[in-house]
Amino acid sequence: MFTAFTAITGAFSVNGCDKTTDNTFIASQIANISDTVQQDFTIEDMNNLQDFLLAKSIKEDLSDNNYDLDNDGEWSVFDLCLMRQKVINTTEKDSDVLVVYFSRTGTTEVIADYIIDITGADVFEIEALVPYTDEDIQYSNSSCRANQEQNNKSVRPEIADTLENIEQYDTIFLGYPIWWGEEPRIIDTFLESYDFSGATVIPFCTSHSSGLIASEKNIKNLGFAYGELLNGRCFSSDSTREDVSDWLDTLPVSEKENEIKMNIEVNGHLLTATLADNSSAKAFAEIIKYEPLMIQMDDYANFEKVGRLPKNIPRNDEQIRTEAGDIILYQGNQVTIYYDENTWNFTRLGKIDNITQAELKDILGTGSVSVTFSLMS
Ligand SMILES: Cc1cc2nc3c(=O)[nH]c(=O)nc-3n(C[C@H](O)[C@H](O)[C@H](O)COP(=O)(O)O)c2cc1C
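Rules behind the numbers
Residues numbered from 1 in each chain as written. Predicted model: local features only at pLDDT ≥ 70, side-chain atom pairs only at ≥ 80, totals over all residues. Heavy atoms only, no water. Near = heavy atom within 4 Å. Polar contact = N/O pair within 3.5 Å; in protein donor to acceptor, adjacent residues only side chain to side chain. Areas by Shrake-Rupley, 256 points an atom, 1.4 Å probe, with all protein chains shown as cover. Nonpolar A, V, L, I, M, F, W, Y, C, P; charged D, E, K, R; others polar. Buried < 20%, exposed > 50% of the residue type's maximum accessible area, 1.4 Å probe, protein only. Helix = DSSP H or I, 4+ residues; strand = E, 2+ residues; numbered from the N terminus. Right-handed = clockwise from strand over helix to strand, strands pointing away. Pairing = 2+ DSSP bridges. pLDDT = per-residue confidence, 0-100. Contact = heavy atoms within 4.5 Å.

**Points about the site of the ligand**
Here is step 1 of the chain: If you check the shell around the ligand, you find 20 residues, and the closest are S103, T105, T108, I178 and S210.
Here is step 2 of the chain: Contact between the ligand and H208: an oxygen atom at 3.0 Å from a main-chain N or O atom of the residue.
Here is step 3 of the chain: Here the ligand loses 89% of its free accessible area of 650 Å² to cover by the protein chains.
Here is step 4 of the chain: Partitioning the shell around the ligand into residue classes produces seven nonpolar, twelve polar and one charged.

**Notes on the pairing of strand 4 (residues 196-206)**
Here is step 1 of the chain: Across the eleven residues that make up strand 4, a large majority, nine, are buried.
Here is step 2 of the chain: Handedness of the crossover joining strand 3 (residues 171-177) and strand 4 through helix 7 (residues 185-193): right-handed.
Here is step 3 of the chain: The β-α-β motif built from strand 4, the intervening helix 8 (residues 213-221) and the parallel element strand 5 (residues 226-229) has right-handed crossover chirality.
Here is step 4 of the chain: Of the pairings in the sheet, the one linking strand 4 to strand 6 (residues 233-235) comprises three bridges and is parallel in character. Bridge pairing links T206 to F235 in strand 6.

**Remarks on the confidence of the model for the protein**
Caution applies to low-pLDDT parts of the model: their predicted coordinates are not meant to be read in detail.
Here is step 1 of the chain: The predicted model of the protein averages 83 in pLDDT, with 74% of residues at 70 or higher.
Here is step 2 of the chain: Mean pLDDT values for the elements of the protein range from 35 in helix 1 (residues 2-11) up to 98 in helix 6 (residues 145-150).
Here is step 3 of the chain: Note on residues 1-23: pLDDT under 50 across the span, and 37 contacts to partners over four residues away in sequence or across chains.
Here is step 4 of the chain: Segment residues 33-39: pLDDT under 50, and ten contacts once partners within four positions in sequence are set aside and those in other chains are kept.

Below you can see the structure in the form of structure tokens.
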């Protein structure tokens, strides 16, 4: 019975439900699932599933919703789907990191998405109650809405939605575009609407060329309550995930949720390394998951130690300019530790944490060395 429930909830697991989905589509999905698991679903099955979902411990009390979550007077699969969405939102999204952003043309949103992806943060998008049209942000027109707002520091455009549970967050990344050298006034509305006294606030922005110093000053001067306000970072529209990841590495608060760490033992030293986020690094992690892997590694071309893997792993080759500490997969069957620069088409497996070139060279020494890789528990 539970397999069947899993199957039916799985069918609607794509970020919640689309209300435009018509009943015929839903009926066909149910029929498909029934075919797959050789079982027909009855209304009782649905009731059981809703009872199961209701029984989960969540912050919001759904018990009075009486199964009709979309209030259309009928109970349907769509209500079930809404319920599942609520349960997921309230039980699984318990990060203590939040990314809040305002983005009118999508550039800041890209950076926000990288931060969310890397840290596993929750998200709140600031949307104006009266949305900004293209004309509103036509800054060559001196009387456009954005320009008028930026010219008046006391304007506070209303925000469409309210953010709940602000107190659950220790770290809040705050993203916005630079408008006339400053934060859009709607950011001031946001900051003045909540109490951030338990949180570290970290601004980030995007712009054509301006930095974020003026906006940071403004934000400080608002006098809103925060635990700590860290210096932020301004990104351009061509910033990459790696740029964002490198910035997060410099922050004292960042926790990278999906990071895989490994230990590297060499010449009596224990180093730690962070594996890259690609299928090659995951395959390497699989090899060292249950028992450490010792590889004999030799110098090559005065820039790396290289040794053979016990088996081939997938390649994600790209043009990389190495630096000391890079761990690289070469031709799918050799692992290298770089202690100097090289540029080639190969795959990043990871990077040794917090080490200088001189320290690494000293530890690796010259000639053949035994290097043992093991996954950190
Ligand atoms: C009203 C307005 C004013 C702007 N002022 C500046 C500015 O002073 N300096 C700058 O480098 N870019 C400025 N820009 C460009 C935006 O900062 C840039 O396109 C930003 O990445 C847009 O972010 P978004 O796509 O998340 O809205 C301005 C854009 C608008 C709409």
